[in-house]
Structure formats: C-alpha cells, structure tokens
Number of protein chains: 2
Amino acid sequence: MKRVVIVVAFMASVGMAAEPSGFVPASTNVWGAEYPRVDEAGRVQVRIKAPEANKVKVNFWSGPKMDMEKQADGFWTVTTPPQVPGLHYYVINIDGADASDPGSRAFFGGSRYTSAIEIPEPGSSYYTIQDVPHGQVRDVWYHSKVTDSWRHALVYLPPNYDESPKTRYPVLYLQHGGGEDETGWIRQGRANVILDNLIAAGESKPMIIVMAYGYAKRAGSSSPGLAGPANSPEAVRAREEMANTFEDDVTQALIPFVDKTYRTIADRDHRAMAGLSMGGFQTFHVTLRNLGLFSHIGGFSGAAGAFTENKLDAKKDFNGVFADASAFAKKVHVLYLGVGTAENERFLTRIRGFRDFLNEAGIKHVYWESPGTDHEWQTWRRNLKDFAPRLFRKKG
Amino acid sequence: MKRVVIVVAFMASVGMAAEPSGFVPASTNVWGAEYPRVDEAGRVQVRIKAPEANKVKVNFWSGPKMDMEKQADGFWTVTTPPQVPGLHYYVINIDGADASDPGSRAFFGGSRYTSAIEIPEPGSSYYTIQDVPHGQVRDVWYHSKVTDSWRHALVYLPPNYDESPKTRYPVLYLQHGGGEDETGWIRQGRANVILDNLIAAGESKPMIIVMAYGYAKRAGSSSPGLAGPANSPEAVRAREEMANTFEDDVTQALIPFVDKTYRTIADRDHRAMAGLSMGGFQTFHVTLRNLGLFSHIGGFSGAAGAFTENKLDAKKDFNGVFADASAFAKKVHVLYLGVGTAENERFLTRIRGFRDFLNEAGIKHVYWESPGTDHEWQTWRRNLKDFAPRLFRKKG
C-alpha cells in the first residue's frame, strides 16, 4: 500500500504549471516528478537526494558538466546555462558512481538506461503528437537462424493499415546507434510521431518502418575477442564480424519475416534502410553489399567510411559499387548523408570526407547538416524528417 | 565513436556461460553486462563502481538489504543468500542516494525506473518465449476527452489476428499496479508470452489484452490535494477522484477506442478486467459500477476492500451488487482473487477478509494463493496463468 500512497501523493504536484521563475517539470519526467525542470531559455534545474554524499555532479553528454550544490535538506541542486533544444542524455555522478535521476524517464543509451531531458524547440511541432491519424507500433519477436535466437523488433504500421486490407506498403528499415537498442527510434526519436505528421501533411508516402536490434552474435560462435583501441586490428575484426552477422540476420531472417507478416511491397524499389551512427555504418554495410534488396540508403551521423581513416577508393572499396556512377544512379534512388554541425571533429571530418569521396566519384546524393546540434537525437529527428519525404518517389 | 567501441568491447563477455562458481549474468542484464549474476540456488552477485563512496548498500524490495564491500579496484561487491524465483526489483544506495545498477535493464516500478533481476524458476516455461505462434503487442495512443490528453496503451493481439480477418475476439483489460505503468504487464509480467503459450496449448481462448495507463487527471481539474497517512480523508478522496476519472476514461474513451479499432466482440460477455495491486482496486471500482460492460473480474494482490479497514456490508457497499448472490452469479461469470503467501500481513489480511466477505455473501468466486511469493511479479504472472484460462468459457 505504501507505494500506492506515495504515488498518489506525487499527483499533488502534477499540473502545477509555470512557477514564478518560469521553470516547469520536463515532459520526459516520470508521473508527478517536480525535477528536473526546464525554462523557455533551455536552462535546466536538477535536484537529487544524496544526504551522505561528498560530491555530486551532473554530466550532460552533449552539454555542461557541473558540480551540484548541497542544500541543508540533503538534496543537491544545480541550474545549467541554456541548452539547445532536443533530448539530452545526462547522468548524475555521486561520489564517483554514475547514477540515474529518479525524476526522469530512463532511455537506453550508452549501453545502459540513462536519464534524459526534453528541451522544447520553439515553433517545432513535427515530433509532437497531433490530432491526425496515427499509425501503430508493434512489438514483435522473430526467430533468426543466423543467431539461433528470438530477436525483438518494433514495427511501425502507417495510419489506416488495418482499414485498408488490400493496400501494400514500402518498408524503411531504421537502425539505432551504438549503445542503444530497437526502442530508441520510438522512445527517443519519436519516429512514429514524425511519420504520422509527415503522412498527414502529404509530405511522406505511407510506409512501414522496421526497427530491429542492431547487435547480433552468430549462432555457435564464441564471442569476438577485442582488445586495444578503436582501430586496432582486433577491434576492426570484431566490428566486421558483428556487421556481417547483422547483415545475414537482416537479409536471411528479418526481411523474410517482415515480408511474410506485413503487407509489404517486397521488392528493392520499395525497400529502404537508414540508421544513425553505428546504425549508419550498418546501413551502408548491409545495403551496399545487397543492392538487389535496397534502393534507398540513409546515414545519419554515420557513414560507410566512418570507422576508418583510410582514403576510400571507388574502384576497390565497397566491392566497387561506386566505380560506375551512372550504374549506381540507376540502382540507388536516394543516397542520403546527415550530420550535426556541433558534432565532434572526428564525425564531421569523416562524414564530410565521405561526402567529398561521393562527389569525386560523381555519385548523386543528398547531404544535409543539422545546425547547432551534436551527436544526439535532435540531429536524427531532423534527419528523419528530411529523409522520409524523399523515399519511394520513383514510379515503379 | 568512443561509445560504439565500448559497446563492442562488452561483446567479449557475452556468451561466457557458467563460471566455475556457477554464477552467470542475469537474463535481465543489458547487452554484455557481466553483473549482476545469479546462480542455480538463486543467489545474486551485485557489483558496482563507486570509487569515492563511503557506504554502498543493495536493497531488494522483496528480499535482502545488504551492505556491499569495497574492493581495491573501486568496485563494491556483495553476494546475497538464495532468493525465490521471479523478477526482483532492487536499488543500490550510494551514500544515501538511491541509484540504478547500470548492468541491469530498467523497469518502471515504484514511480521510477528501477533495476531488477530475473531469477529463473526451475521447470517453469510458461513465461518463456517458445516456438509457438506469437501474438503482437501494439503501442497505441488514444485521445481521451475525460482527461483531454493523448493517452498511451499497449494492446496484445493474439496469434493469427491478421491472418483471420473475419474473426472477432473477446477482450481482457489488464491493469498495472501503483508506481508502475502500462508497460509493466509486458516488460515485467510477460503477459504476451504467457498468453502465447496458453493459447498454443489450447488452455486459453484467443483474446485481445488491453493494458492502459492507470493514472488519470480529469480535464481542467486542479490536482487533488493530498496530505496525511494512507487512510486520511484527503488520501481517500484523492484515490476516489482518480479512480472515478480512470473509470470514466475506461468507459468513455478506452473501450470505444478499442471496439472501434480492433475486431472485438463488443459485449459484456466478452469483456473482462483484471489488475494487480492498485490495478486490482481499480478493476473492482470500474467493473462493479459497470456490470453492464464487464462479466469477468480479477484482482491480483488487490481487491475491492483492500484500501479500507472497514467491515464490508453486502447490502450497502458497492451499490449493493453483492446483496443478491444469485443475481450476481448470472452477471459475473468469473470473480477471481489472488495473493502471494509471502505478502505482508496487511495485504493478506485484507484480501483474505474480502474472500471471507464474499463467502459470507454467498458470492461464487475463485481464490488462489501463490506459494512463497511476495507482492511482486512472480505472483502476478502466476495469477494471470491461472486466471486467463477461466475467461470466456460461457456459451454466449
């Protein structure tokens, strides 16, 4: 009973709108939590109880890292400078231990459940739920012989899917980033809301979106040994092995499951793949090796060359698919690259480098930079909003 | 890139099965996390980094509360005594601050995202995903005029729903407990897996399960003020107000949405409601006031009288629905009460008291106690497994 009462007590704070200071509980808070709070300038107030701690800090992944101040009541508090709009991951460090903020919903990122705060973007409604027809997200399990396991995926079906039993739809395979999982595009990215709004506005074709889990270990394999820095031979080999396993899972298990289970248009002209960061790397890996299956390709803050410093060679790399620009253009209807201007130099350099490589090779593509955003969800929401309307426009 | 590499590095540990000690990473861990670990006896090893902390404890809600020991490497560790099978919530307290375990998936419970560990139940497979036809869970939003907001629900559709476009199904409305949300029955309870297995074995009728969010604030209302202990007049009033708002949401928004959106059999004989703890209280509140809508009722660790110490009166309480046992039996095809034998005295006393009241009133019902389990998910999984096969057996 005690917990129930506590929860009801929390209700007392719900609906308390603007304080004199203009700070309000974040939309990403759990029911009734007063903190964290955000104001119109994007400042954030964090408050956490840690009565016996010696040092408490709040670290925003793409934002300020600040010491918090202990108050007389055992709570620690801080107010940050203004932050850019979007969903920002953060962690509270208590005497050296990274902890979540109990007031925040938890999102899977950085290989753990982490706190995040939504800072509203003035004037933006494309990722806000509106009074338009809504698609539904399905939570599905499919068995993969590649991994010999049940694998979980989320599938967005567009509005009126059930009411139009004879309509078939194109499919976008949409991948999360490293340290995230198949829930990221819905819970953090709001891909379903973005597509609902784009479809209602007539800007995107109705489509199915499949969000699969991007980690995969081949059945019977021992785990890949990995030591050393990111570009050590072992690390490169482990990534290759996982990318190949994931590729086989997509092509041999996931796509057949989706085409069997949903009313798809099961041909390459109506199949797209995109992903963010690691998911972008995987997208290029899977699509460029399987152009018989895909005709639309998107990399958001992640591109084919993102994991290597080596100069690319159109004749040799990617099995030579970029060697003949005109043949490539006939096969690939959309090739899209996105990145945020506030991402670190390594990302910017590599993704711009890949764009330059495409230009040199004469490969038609779309390149778009999200102003002011880092390697974070606001960049990828914007990428999806820009990318989805370009899909499935070619007359079959 | 750094995060991606870290994640790949974690892979090195995945798939390392039994250690000499018999401890293996829990199935509830995030990808690749070595800790927490569990052995066949149900002992749990927890390990967390907190190099500058003075005191670190692990507190299992329905289990041991133990000091952890600091190791030379800055990690704190502990091994618990054997615990009963099931999903156990726990929290790590670092210098007075409650924190999540980064190695564990986070589940919404106790009004926050909390860690939990799955301790396998030897010989049980009813909540394990099997090679049987699977239903799909849909993630839906419906607009409620009662709350004037978009509300989120999960909807389980049984296997072959899409392949049988002329089949209509009965519906079970299934509610979470206090401090939990609409995801609990899937993520913690595995209701979809339990039903898949029951349906495949021919033990349950195929049915739709609707899991809605149990908190609701009426449009335009100020938040209910609440002060004082659980049974203070203010607390009782706040719960009543929320129960009434939720009732209106269910009857005026949710049921019409579900009957419009899915192929339901939209009559009282084919509509059931059940819930756990607070959700059990809500179930009795909603169903007994709306017997024109429901004919099957289940309370798991929560019953109509659970929130009061007062002696119930069949003639006066619940609008007198229990006054005429034979009339009640004609309307209500199943009335089910469950509780775990290890729950605290207050739950046991009140739920057994409600059973005694039903017996005195001559009301036919099913009463079942889950051996050895507390106010926790293993009790409610067992309740669902016992309850679902009893539903929708009456010939229409």
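Let me begin by describing the structure that accompanies this report.

## With respect to the overall build of chain A
- The number of helices and strands found in chain A is eight helices and 19 strands.
- The C-alpha radius of gyration computed for chain A amounts to 22 Å, which stays within 12% of the reference 21 Å derived for 396 residues, consistent with globular compactness.
- In terms of its C-alpha atoms, chain A occupies a principal-axis envelope of roughly 70 × 55 × 40 Å.
- For chain A, buried positions account for 60% of its 396 residues.
- For chain A, contacts bridging at least 24 residues in sequence account for 69% of all contacts bridging at least 6.
- Of the roughly 15100 Å² that chain A leaves accessible, carbon and sulfur atoms contribute 51%.
- With 46 positive and 44 negative side-chain charges, chain A shows a spacing of 4 Å between the two charge centroids.

## Digging into helix α5 (residues 278-288) of chain A
- Counting buried positions along α5 of chain A yields eleven of eleven residues, so the element is predominantly enclosed.
- Within the span of α5 of chain A, buried status applies to Met278, Gly279, Gly280, Phe281, Gln282, Thr283, Phe284, His285, Val286, Thr287 and Leu288 of chain A.

## Focus on the packing of helix α4 (residues 233-261) of chain A against α5 of chain A
Residues and elements named next belong to chain A.
- At a minimum axis distance of 10 Å, the contact between α4 and α5 shows a crossing angle of 65°. Classified by chirality, the crossing of α5 by α4 is right-handed. Contacts between α4 and α5 involve Glu240, Met242, Ala243, Asn244, Phe246, Glu247 and Val250 from the former and Met278, Phe281, Gln282, His285 and Val286 from the latter.
- Split by residue class, the contact of α4 with α5 holds seven nonpolar, three polar and two charged.

## Focus on the pattern of salt bridges
All names here are of chain B.
- Here the structure, examined in full by the defined rule, presents 38 salt bridges over all chains.
- The salt bridge partner of Glu118 is Arg190, with a shortest N-O separation of 3.4 Å. Placement of Glu118 in strand β11 (residues 112-119) and of Arg190 in the loop between α2 (184-187) and α3 (191-200) is noted, with a sequence separation of 72 residues between them.
- The exposure class of Glu118 is buried, given its relative accessible area of 5%.
- Judged by relative accessible area, Arg190 falls into the partly exposed class, the value being 22%.

## Concerning the nonpolar core
- Judged by nonpolar contacts, the single largest core of 40 residues is most densely connected at Val46, Val56, Met68, Ile92 and Ile94 of chain A together with Val56 and Ile94 of chain B.
- Beyond its immediate stretch of four places on either side in the chain, Ile94 of chain B contacts Ile94 and Ala97 of chain A together with Ile48, Ala50, Ala53, Lys55, Val56 and Ala99 of chain B.

## Considerations on unusual backbone geometry
- Cis peptide bonds are those with omega within 30 degrees of zero, and the linkage from Tyr35 of chain A to Pro36 of chain A qualifies with 0°.
- Of note in the backbone geometry, Asp148 of chain A takes a positive phi value of approximately 50° without being a glycine.
- Although it is not a glycine, Ser301 of chain B adopts a positive phi angle of roughly 55°.
- Considering the arrangement of structural elements, one finds Ser301 of chain B in the loop between β17 (296-300) and α6 (325-331).

## Let's talk about the sheet that holds strand β2 (residues 37-38) of chain A
All names here are of chain A.
- Reading across the sheet, the five strands line up as β1-β2-β3-β7-β6 and stay open at both edges, with antiparallel pairing between neighbours. Strands at the two margins of the open sheet, each flanked by one partner only, are β1 (24-25) and β6 (69-70).
- In terms of strand pairing, strand β3 (residues 44-49) meets strand β7 (residues 75-79) through five bridges, oriented antiparallel. Looking at β7, one finds that Lys49 is bridged to Phe75.

## Notes on the environment of Phe328 of chain B
All names here are of chain B.
- Within the fold, Phe328 resides in helix α6.
- Between the alpha carbons of Phe328 and Leu291 there is a distance of 9.4 Å; along the sequence they are 37 residues apart.
- Setting aside anything within four residues of it in sequence, one finds Phe328 in contact with Leu288, Leu291, Val321, Phe322, Leu335 and Ile363.

## So, the packing of aromatic side chains
- Summed over all chains, the structure comprises 48 aromatic pairs over all chains.
- The interplanar angle of 85° and the centroid separation of 6.2 Å between the aromatic rings of Tyr173 of chain A and Phe294 of chain A together place this pair among those described as edge-to-face. A residue pair is termed long-range when its members are at least 10 positions apart, and Tyr173 of chain A in strand β14 (residues 171-175) and Phe294 of chain A in the loop between α5 and β17 (296-300) qualify at 121 residues.
- Here Phe294 of chain A falls in the buried class, since its relative accessible area comes to 0%.
- Centroid distance Phe322 of chain B to Phe328 of chain B: 5.0 Å. Interplanar angle 45°. Geometry classified as tilted.

## Observations concerning helix α3 (residues 191-200) of chain A
Residue and element names in this part refer to chain A.
- Counting buried positions over the ten residues of α3 gives nine, a clear majority of the element.
- Among the residues of α3, Ala191, Asn192, Val193, Ile194, Leu195, Asp196, Asn197, Leu198 and Ile199 are the ones counted as buried.
- One or two positions beyond α3, positive phi appears at Gly202, with a value near 75°.

## Considerations on the environment of Lys55 of chain B
Residues and elements named next belong to chain B.
- Of note, Lys55 is situated in the loop between β3 (44-49) and β4 (56-60).
- The exposure class of Lys55 is partly exposed, given its relative accessible area of 37%.
- With 310 residues separating them along the chain, Lys55 and His365 place their C-alpha atoms 50 Å apart.
- If we ignore the near neighbours within four places in the chain, the residues touching Lys55 are Asp67, Trp76, Asn93, Ile94 and Asp95.

## Concerning the pairing of β4 of chain B
Residue and element names in this part refer to chain B.
- The element β4 is largely enclosed, with a buried count of four among its five residues.
- Bridge analysis of β4 against strand β5 (residues 65-67) gives three bridges, and the strand direction is antiparallel. Bridge assignment links Val58 to a residue of β5, and that residue is Met66.
- Adjacent in sequence and paired antiparallel, β4 and β5 are bridged by four residues.

## What to know about the packing of α3 of chain A against helix α8 (residues 377-387) of chain A
All names here are of chain A.
- Look at α3 against α8: their axes get within 10 Å of each other, and the N-to-C directions meet at 30°. Compared by their axis directions, α3 and α8 come out roughly parallel. Remark: the crossing between α3 and α8 carries right-handed chirality. Across the interface between the two elements, Ala191, Ile194, Leu195 and Leu198 of α3 pack against Arg381, Leu384 and Lys385 of α8.

Definitions and limits used
Residues numbered from 1 in each chain as written. Chains lettered and ligands numbered in written order. Predicted model: local features only at pLDDT ≥ 70, side-chain atom pairs only at ≥ 80, totals over all residues. Heavy atoms only, no water. Helix = DSSP H or I, 4+ residues; strand = E, 2+ residues; numbered from the N terminus. Rg over C-alpha atoms; globule rule 2.2 N^0.38 Å. Buried < 20%, exposed > 50% of the residue type's maximum accessible area, 1.4 Å probe, protein only. Contact = heavy atoms within 4.5 Å. Areas by Shrake-Rupley, 256 points an atom, 1.4 Å probe, with all protein chains shown as cover. Lys, Arg positive; Asp, Glu negative; His and termini not counted. Charge placed at Lys NZ, Arg CZ, Asp CG, Glu CD. Axes fitted to C-alpha atoms, helices over the stretch in contact; angles between N-to-C directions. Left-handed = near helix turned anticlockwise from the far one by under 90°. Nonpolar A, V, L, I, M, F, W, Y, C, P; charged D, E, K, R; others polar. Salt bridge = Lys/Arg side-chain N within 4 Å of Asp/Glu carboxyl O. Core = buried A, V, L, I, M, F, W, Y, C linked by side-chain atoms within 4.5 Å. Pairing = 2+ DSSP bridges. Phe/Tyr/Trp six-rings, centres within 6.5 Å; stacked < 30°, edge-to-face > 60°. Parallel < 35°, antiparallel > 145°, perpendicular 65-115°, else oblique.

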